[in-house]
Amino acid sequence: MSPFRVDLRSDTVTTPSPAMRDAMAKAEVGDAWYGDDPTVNRLQERAAEVTGTEAALFVATGTMANQIGLALHARGAGHLVACEAGAHVATTEVASSAVLSGIAYRTGSSAERGWMTAELARRLLEPDDAFDVEVVDLLAVENTVGSHAGSVMPAEELRAVRKVAEEAGVPIHLDGARIFNAAAATGLDVREWTSQVDTMMFCLSKGLGAPIGSVLCGPAELIREARRIWILFGGGWRQAGVLAAAGLVALEEGPGRLAEDHARARRLAEAIAEISPGAVDPRTVETNMVFVDTEATGLSVATAIERLGVEGVGAVPVAGRLRMVTHRDVDDAGIAYAIDAWRRVAGMGLRGS
Ligand SMILES: Cc1ncc(COP(=O)(O)O)c(C=O)c1O
């Protein structure tokens, strides 16, 4: 059970819906290591279909999906993956990449809201004429961008990035942990992005609401090799159909519901902006994340989080701000409660207490 009445720490905190629990209880299972779990296979086929890719691999976490995806392209220790400086792979996963695949990063800051631009890609993929010792094996892009309040990388920008990468002969991996949020925010099909990359992953356990799991998608030949790396990394699980059953429900029911999360995040941001002018610009809330600059209330991020916690509202610090994320287990009443809690917490700040 969540320690908070309204848990806005992340969209990963959702618990399985009754439909998911029912599907899990009834799931037909086999041994996924041997490739004969029928529910896992159905999920993988469905994920490939939805993303317009040839094949898919169901894995435990988004980190594992990314790390297998990176390992597929990085040709050896000391080779580089290029990405935006705030990307999840180059921050939270930097040590995993180093230990598992010997990957180092070449990063640069985007002039846009954290997303990879053609201009940045060009800069990062520029050949090292002087020494020719740095080898960039892969360009990694992220959508939505977690370090920038879930901003959406426009599909046309990815097409431009693709051109730059193709000219440089470098493949692209998409960290699409929240790609369905990007689709919901723009009204576009996820294929607008997935068609422009070599491999991609998405998380079932975030906005889509499944308890556990992510999926790595790509060409059949690469996914065959991905299975080898998956086992190498200790990912080869067995009767995983129990989890894939929930994943299938998430994939069918999740995407259509995300617009509700986005509307609630926008409402929360608008209320906070009204209560604490300057703390958040609601126009920056494109999907399900609200990043709050607590200085506007005279409180540090840590103090504001602590006081919200006392009020029963869960939030976390990200990139020097206070982050709140909407998801399936937060309804309109929950948002109203969080707004009231913010009013009390911000009021304390102004009184200097
Ligand atoms: C953009 C992004 N990529 C990858 C991940 C990793 O997912 P997991 O926590 O399932 O390992 C996260 C997790 O928050 C994320 O935000």
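Residues numbered from 1 in each chain as written. Predicted model: local features only at pLDDT ≥ 70, side-chain atom pairs only at ≥ 80, totals over all residues. Heavy atoms only, no water.

Novice: Residues and numbers for the side chain of Glu142, please.
Specialist: Relative to the assigned elements, Glu142 resides in strand β5 (residues 136-142). Buried Glu142, no salt bridge; nearest opposite-charge side chain is Arg178, N-O distance 6.3 Å. Within the structure, the side chain of Glu142 is placed 2.7 Å from the backbone nitrogen of His88, a separation counted as a polar contact. A polar atom in the side chain of Glu142 sits 2.9 Å from the backbone nitrogen of Gly146. (Helix = DSSP H or I, 4+ residues; strand = E, 2+ residues; numbered from the N terminus. Buried < 20%, exposed > 50% of the residue type's maximum accessible area, 1.4 Å probe, protein only. Lys, Arg positive; Asp, Glu negative; His and termini not counted. Salt bridge = Lys/Arg side-chain N within 4 Å of Asp/Glu carboxyl O. Polar contact = N/O pair within 3.5 Å; in protein donor to acceptor, adjacent residues only side chain to side chain.)

Novice: Quick one: what's the story with the domain arrangement of the protein, residue by residue and with numbers?
Specialist: For the protein, the domain assignment lists domain 1 (6-12 + 257-348) and domain 2 (18-254). Here domain 1 and domain 2 have C-alpha centroids that lie 28 Å from each other. Listed as interface residues are 15 residues of domain 1 and, on the opposing side, 22 residues of domain 2. Measuring nitrogen to oxygen at the nearest pair gives 2.8 Å for the salt bridge that ties Asp11 to Arg178. Between domain 1 and domain 2 we count nine residue pairs in polar contact (both at pLDDT 80 or more) in total. Elements with a contribution of two residues or more to the side of domain 1 that touches domain 2: α11 (258-275) and β9 (289-292). Broken down by class, the residue content of the side of domain 1 that touches domain 2 amounts to five nonpolar, six polar and four charged. (Domains from an automatic or database assignment. Contact = heavy atoms within 4.5 Å. Nonpolar A, V, L, I, M, F, W, Y, C, P; charged D, E, K, R; others polar.)

Novice: Let's hear about the packing of aromatic side chains: which residues, and what values?
Specialist: Taken as a whole and assessed by the stated rule, the structure comprises three aromatic pairs. Seen from their ring centres, Trp33 and Tyr34 are 5.3 Å apart, and the 75° between their planes marks the pair as edge-to-face. Residue classification places Tyr34 among the exposed residues on the basis of a relative accessible area of 58%. Relative to Trp237, the ring of Phe58 lies with its centre 5.0 Å away and its plane at 45°, an arrangement referred to as tilted. (Phe/Tyr/Trp six-rings, centres within 6.5 Å; stacked < 30°, edge-to-face > 60°.)

Novice: Report on the pairing of strand β7 (residues 199-203), specifying residues and quantitative values.
Specialist: Among the five residues that make up β7, five are buried, leaving the element largely enclosed by the rest of the structure. Because side chains alternate across β7, one face comprises the buried residues Thr199, Met201 and Cys203, and the other comprises Met200 and Phe202, equally buried. Bridge count between strand β6 (residues 172-175) and β7: three bridges; the pairing is parallel. Within β7, the position partnered with His173 by the bridge is Thr199. Pairing of β7 with strand β8 (residues 214-218), which is carried by four bridges, proceeds in the antiparallel orientation. Bridge pairing links Met201 to Leu216 in β8. (Pairing = 2+ DSSP bridges.)

Novice: Lay out unusual backbone geometry with the relevant residues and their values.
Specialist: A negative phi angle is the norm for most residues apart from glycine, just as the trans form is the norm for most peptide bonds. Look at the link from Asn143 to Thr144: it is a cis peptide, with omega at 0°. Within the secondary structure layout, Thr144 lies in the loop between β5 and α6 (155-168). Despite not being glycine, Ala149 has its phi angle at roughly 55°, a positive value. Along the polypeptide, Ala149 turns up in the loop between β5 and α6. The phi dihedral of Ala319 falls on the positive side, at around 50°, and the residue is not glycine.

Novice: Talk me through the nonpolar core; I want residue IDs and the actual numbers.
Specialist: Counting residues in each nonpolar core, the largest one holds 74 residues, and the members touching the most others are Phe58, Ile68, Leu139, Phe202 and Leu204. The element that contributes the greatest number of residues to this core is helix α10 (residues 241-253), accounting for seven residues. Contact partners of Leu139, with chain neighbours within four places excluded, come to Ala82, Met116, Ala121, Leu125, Val161, Ala165, Val170, Pro171, Ile172 and His173. Ala271, Val285, Leu299 and Ile335 belong to the second-largest nonpolar core, a separate cluster that totals 30 residues. (Core = buried A, V, L, I, M, F, W, Y, C linked by side-chain atoms within 4.5 Å.)

Novice: Describe in detail α11, supporting the description with residues and values.
Specialist: Because an α-helix completes one turn every 3.6 residues, residues spaced three or four positions apart along the sequence face the same direction. Across its 18 residues, α11 extends 26 Å between first and last C-alpha, which sits within 8% of the 26 Å expected from 1.5 Å per residue. Residues Leu258, Asp261, His262, Arg264, Ala265, Leu268, Ala269, Ala271, Ile272 and Ala273 constitute the buried set of α11. (Expected span 1.5 Å × (residues − 1).)

Novice: Tell me about the site of the ligand, and name the residues and values.
Specialist: Taken together, Thr61, Gly62, Thr63, Asn66, His88, Glu93, Glu142, Asp175, Ala177, Arg178, Met201 and Lys206 form the complete shell of residues around the ligand. Gly62 is positioned with one of its backbone polar atoms (N or O) 2.8 Å from an oxygen atom of the ligand. In this structure, Thr63 approaches the ligand through a side-chain N or O atom, which is 2.6 Å from an oxygen atom. Considering the ligand on its own, with 390 Å² of exposed area, one finds that the protein chains cover 79% of that surface. Of the residues forming the shell around the ligand, the biggest block, three residues, is contributed by helix α3 (residues 62-73). Among the residues forming the shell around the ligand, the class breakdown is two nonpolar, five polar and five charged. (Near = heavy atom within 4 Å. Areas by Shrake-Rupley, 256 points an atom, 1.4 Å probe, with all protein chains shown as cover.)

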